[in-house]
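In case you want the letters, here they are:
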Amino acid sequence: MEKNELDDLAEKAIRRAGREELKQKLRDRTPAAPLATTSFFQKWKLVLGGLLVLAGAFFWWKNNDPKSTPPIENQQPANPELQNAPVKIDPKTPVAETHPEKFPEKPGPKMDGKKLFAAHFQTFKSDEISGMVRAENEDGEFQKMLSAYLKNDHGAALQFFEKLPAEDKFNENVLFLKANSLLATNQTDAAILILEKICDDITSRFLAAAQWYLALAYLKNGQKREAEMELKFIKTANGHPFSARAGQILNEN
């Protein structure tokens, strides 16, 4: 073979070998070696991590070193006078202020309403009412009611009241007498309704008396707060005819 032919064959062989090597590299999926810069940063991360660990260990040792913390017995309070000072409790201080949940609120007035009512209740009587009874008209229902009322026969008085004409039945003066008969026969709730209505009318002839009997009705009914308020009003009202009697009940309870 001539020299030129040999050169061509050699060149073709070299090219073929190069192509085979390139194909092999393309088939290979193994990642290439990391760059030098990547290795450099990884080394610095390890160094910084180690320094942080050392710093944490140093601070822990510093805070837990028994030589760096003075013993408890050598520590002094901010105010030496307070050391070992006994706790003083003022005997005048109510215990309920320190433990309010253990003590109920102060109870209301200690009034035995039923006993007070029995001691102070008497049906209202006056010369004016007595003068209303006329012998010549004793057969009338109104006269019969007044007669039974003055004789303290309050059951009969209430029966006669129901027979009165409407103009008398709704008269406040007659209703006041009816309220007294109701209290005398233990019909307290019905009496309170009538007395409260009369007390709302400042022009009523029996206003002051109605206030007194309303206070007694509250007592009998166990309404101690209402009774106390009504009694205090009567006691302090200027010239009230029942002021002294209301004050007596309040002073005794």
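In case you missed it, the structure is sitting above this.
Residues numbered from 1 in each chain as written. Predicted model: local features only at pLDDT ≥ 70, side-chain atom pairs only at ≥ 80, totals over all residues. Heavy atoms only, no water.

1. Comments concerning the pattern of salt bridges
Side chains that differ in sign of charge can pair as their charged atoms come close.
Stage number 1. A full pass over the atoms with the stated rule returns four salt bridges.
Stage number 2. The closest approach of N and O atoms between Arg205 and Glu128, which form a salt bridge, is 2.3 Å. A residue pair is termed long-range when its members are at least 10 positions apart, and Arg205 in the loop between helix H10 (188-199) and helix H11 (207-220) and Glu128 in helix H5 (residues 127-132) qualify at 77 residues. (Salt bridge = Lys/Arg side-chain N within 4 Å of Asp/Glu carboxyl O. Helix = DSSP H or I, 4+ residues; strand = E, 2+ residues; numbered from the N terminus.)

2. Quick notes on helix H6 (residues 141-150)
Stage number 1. All buried positions along H6 are accounted for by Gln143, Met145, Leu146, Ala148 and Tyr149.
Stage number 2. The inward-facing, buried residues of H6 abut H5, helix H7 (154-162) and helix H9 (172-184).
Stage number 3. Backbone geometry just downstream of H6 places Asn152 in the positive-phi region, at approximately 65°. (Buried < 20%, exposed > 50% of the residue type's maximum accessible area, 1.4 Å probe, protein only. Contact = heavy atoms within 4.5 Å.)

3. A short note on the packing of aromatic side chains
Stage number 1. Following the criterion strictly, the structure yields seven aromatic pairs and no others.
Stage number 2. Both rings, one in Phe176 and one in Tyr213, keep their centres 6.0 Å apart while their planes meet at 70°; by these two values the pair is edge-to-face. Here Phe176, found in helix H9, pairs with Tyr213, found in helix H11; they are 37 residues apart in sequence, far enough to count as distant. The same class applies to Phe176 and to Tyr213, which are both buried. (Phe/Tyr/Trp six-rings, centres within 6.5 Å; stacked < 30°, edge-to-face > 60°.)

4. Quick notes on the nonpolar core
Stage number 1. Phe176, Leu195, Trp212 and Tyr213 are the most contacted members of the largest nonpolar core, which has 45 residues in total.
Stage number 2. At the level of elements, helix H4 (113-120), H6, H7, H9, H10, H11, helix H12 (224-236) and helix H13 (243-252) are the ones that each hand at least two residues to this core.
Stage number 3. Here this core gets 10 residues from one element, more than from any other, and that element is H11.
Stage number 4. In this structure Tyr213 touches Phe121, Gln122, Thr123, Phe124, Phe176, Asn180, Leu183 and Leu195, once residues within four positions along its chain are discounted. (Core = buried A, V, L, I, M, F, W, Y, C linked by side-chain atoms within 4.5 Å.)

5. Focus: H12
Stage number 1. For H12, which comprises 13 residues, the first-to-last C-alpha distance of 18 Å matches the rise-based estimate of 18 Å (1.5 Å per residue) to within 8%.
Stage number 2. Of all the positions in H12, only Ala227, Glu228, Glu230, Leu231 and Ile234 are classed as buried. Taken down its axis, H12 places every buried residue within 170° of arc, on the same side. Turned more than 90 degrees off the buried face of H12, the exposed positions are Arg225, Met229 and Thr236. (Expected span 1.5 Å × (residues − 1). Arc of directions from axis to C-beta.)

6. Topic: the packing of H7 against H9
Stage number 1. Close contact between H7 and H9 brings their axes to 9 Å; oriented N to C, the two are set at 140°. In terms of orientation, H7 and H9 fall into the oblique class. With respect to the hand of their crossing, H7 and H9 are arranged in left-handed fashion. Within the contact between the two elements, H7 uses His154, Ala157, Leu158, Phe161 and Glu162 and H9 uses Val174, Leu175, Lys178, Ser181, Leu182 and Ala184.
Stage number 2. By residue class, the composition of the contact of H7 with H9 is seven nonpolar, two polar and two charged. (Axes fitted to C-alpha atoms, helices over the stretch in contact; angles between N-to-C directions. Parallel < 35°, antiparallel > 145°, perpendicular 65-115°, else oblique. Left-handed = near helix turned anticlockwise from the far one by under 90°. Nonpolar A, V, L, I, M, F, W, Y, C, P; charged D, E, K, R; others polar.)

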